[in-house]
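Structure assessment
Residues per chain, in single letters:
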Amino acid sequence: SIPLGFFAGIGRNSKNGVLIKGGNYLELLSELDTIIFDKTGTLTKGEFKVVEITGDILEITAYAENYSNHPIAEAIIKKYNKKIDINKIQKHQEIAGYGISAKIFNKSVLVGNKKLMQKYNVSIPKINKNGTIIYTAINNEFQGYIIIDDIIKTESFNTIKSLKSNNISTIMLTGDSEKVANYVSTKLSIDKYYADLLPHEKAKIFKEIKNKKNKVAFVGDGINDAPVLAMSDVGIAMGGIGSDAAIASADIVLMDDNPYKIIEAIKISKFTKNIIL
Ligand code: ADP
Ligand code: MG
């Protein structure tokens, strides 16, 4: 049974925009030794902006991304900013952690990261630039690339700092490149990061970490990480940007996508415990 004080704690949190699906999760918050973060949409805004396009690829790339709700797709479609004639999209398939495979204007189109290009044996040039690089290939031939930038949420800095001073270790998992992951985790002083992960690899690494630690929370926006949310002692999802699947599999939902709300919830958890004891 859940002590009465936890209902007060849950109430305080919900006023604060933190939805907690049970007193046991509120209690667990004060016992965490590790928090694992997804990058995109969780520590960063997930509002990608196109900063560079090389090659005449914007139209076909936007067509390929038309049915995706990944933040990268949204940025590309926004940049294109013209009507898309869906009759010209004959086939489309989203490959989680890789990108898109589609048939547009009767051509085979691939849009995604380096791993996607390698999977289909498309040779690509070496590009030494900052930001997330999305490659476009037509009929298995490289045509150009789009560089997309994301912004670290300002609240992420204090969140990581507070966790450190509470002796909670911080780890970041991402499907994005090593270079982007290194940049973000260095800026935020995150203890450890893993990059270039496919959704199932995120789950595998999560399990390995969980075996070594005691109480582990995962914080994600849920695009590609609903399984990890479900596996964690406490699964925390972004409620604004987050996918429905994430919100459903999470134990705690941050309504306004502000990661610092975790710190406030931990404080309420500790406070609630003291009242109960
Ligand atoms: P994260 O772990 O950073 O939240 P995801 O698992 O959602 O990232 O995606 C990992 C990577 O897969 C992206 O950085 C991108 O390179 C590629 N990707 C995923 N979806 C798409 C898409 N719709 N279009 C292009 N690339 C994509
Ligand atoms: Mg994500």
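Quantities reported herein were computed from a predicted structural model and do not represent experimental measurements.

Here we take up the pairing of strand β11 (residues 216–220). With respect to burial, β11 is a largely interior element, 5 of its 5 residues being buried. Here β11 shows no split at all, with Val216, Phe218 and Gly220 on one side and Ala217 and Val219 on the other all buried. When strand β2 (residues 34–38) meets β11, the two strands line up parallel, connected through 4 bridges. By the bridge assignment for β11, Ile36 is matched with Phe218. One ladder, built from 4 bridges, connects β11 with strand β12 (residues 234–238); its direction is parallel. Opposite Val219, over in β12, you have Ile236 as the bridge partner. In the classification by handedness, the crossover that spans β11, the intervening helix α10 (residues 226–231) and the parallel β12 is right-handed.

Moving on, we get to the sheet that holds strand β8 (residues 141–149). Spatially, 6 strands are ordered β3-β8-β7-β6-β5-β4 in an open sheet, and the strand pairing comes out antiparallel. At either margin of the open sheet sits one strand with a lone partner, and together these are β3 (49–54) and β4 (89–95). Here the strands of the sheet are splayed against their neighbours by 20° on average, with no regard to which way each runs. The pairing of strand β5 (residues 99–104) with strand β6 (residues 107–112) spans 6 bridges and is antiparallel.

Attention now goes to the domain arrangement of the protein. Here the domain parsing of the protein yields domain 1 (5–45 + 151–276) and domain 2 (49–149). Computed over C-alpha atoms only, the centres of domain 1 and domain 2 are separated by 30 Å. Listed per partner, the contact involves 11 residues of domain 1 and 6 residues of domain 2. For the side of domain 1 that touches domain 2, the residue count by class is 4 nonpolar, 5 polar and 2 charged.

In the predicted model, the protein carries a mean pLDDT of 91, and 96% of its residues have values of at least 70. Interface confidence in the predicted complex, given as ipTM, is 0.95; pTM for the same model is 0.85.

With that settled, consider the sheet that holds β12. Reading across the sheet, the 7 strands line up as β1-β13-β12-β11-β2-β9-β10 and stay open at both edges, with mixed pairing between neighbours. Of all the strands in the sheet, just β1 (18–20) and β10 (192–194) have a single pairing partner and so form its edges. Averaged over all neighbouring strand pairs, the angle between strand axes comes to 20°, with direction disregarded. Across 3 bridges, the pairing between β1 and strand β13 (residues 252–254) is antiparallel. Pairing of Val18 across the sheet is with Leu254, part of β13.

With 48 residues, the main nonpolar core has Ile35, Ile36, Met172, Ala217, Phe218, Ile236 and Ile252 as its most contacted residues. By residue number, the principal contributor to this core is helix α12 (residues 261–276), which donates 5 residues. Ignoring anything within four residues of it in the chain, the contact list for Ile35 reads Leu163, Ile168, Thr170, Ala217 and Val219. The next biggest cluster of nonpolar side chains, apart from the first, holds 26 residues, and it includes Ile76, Ala102, Leu110 and Met117.

This brings us to the pairing of β4. By the bridge criterion, 6 bridges tie β4 to β5 in an arrangement that is antiparallel. Considered in β5, the bridge of Gln93 is made with Ser101. Connecting β4 to the next strand, β5, in antiparallel fashion are 3 residues, including Gly97 with a positive phi near 85°.

Parameters at a glance
- Residues numbered from 1 in each chain as written.
- Chains lettered and ligands numbered in written order.
- Predicted model: local features only at pLDDT ≥ 70, side-chain atom pairs only at ≥ 80, totals over all residues.
- Buried ≥ 20, exposed ≤ 12 C-beta atoms within 10 Å, placed from the backbone.
- Helix = DSSP H or I, 4+ residues; strand = E, 2+ residues; numbered from the N terminus.
- Pairing = 2+ DSSP bridges.
- Right-handed = clockwise from strand over helix to strand, strands pointing away.
- Axes fitted to C-alpha atoms, helices over the stretch in contact; angles between N-to-C directions.
- Domains from an automatic or database assignment.
- Contact = placed C-beta atoms within 7 Å.
- Nonpolar A, V, L, I, M, F, W, Y, C, P; charged D, E, K, R; others polar.
- pLDDT = per-residue confidence, 0-100.
- Core = buried A, V, L, I, M, F, W, Y, C linked by C-beta atoms within 7 Å.

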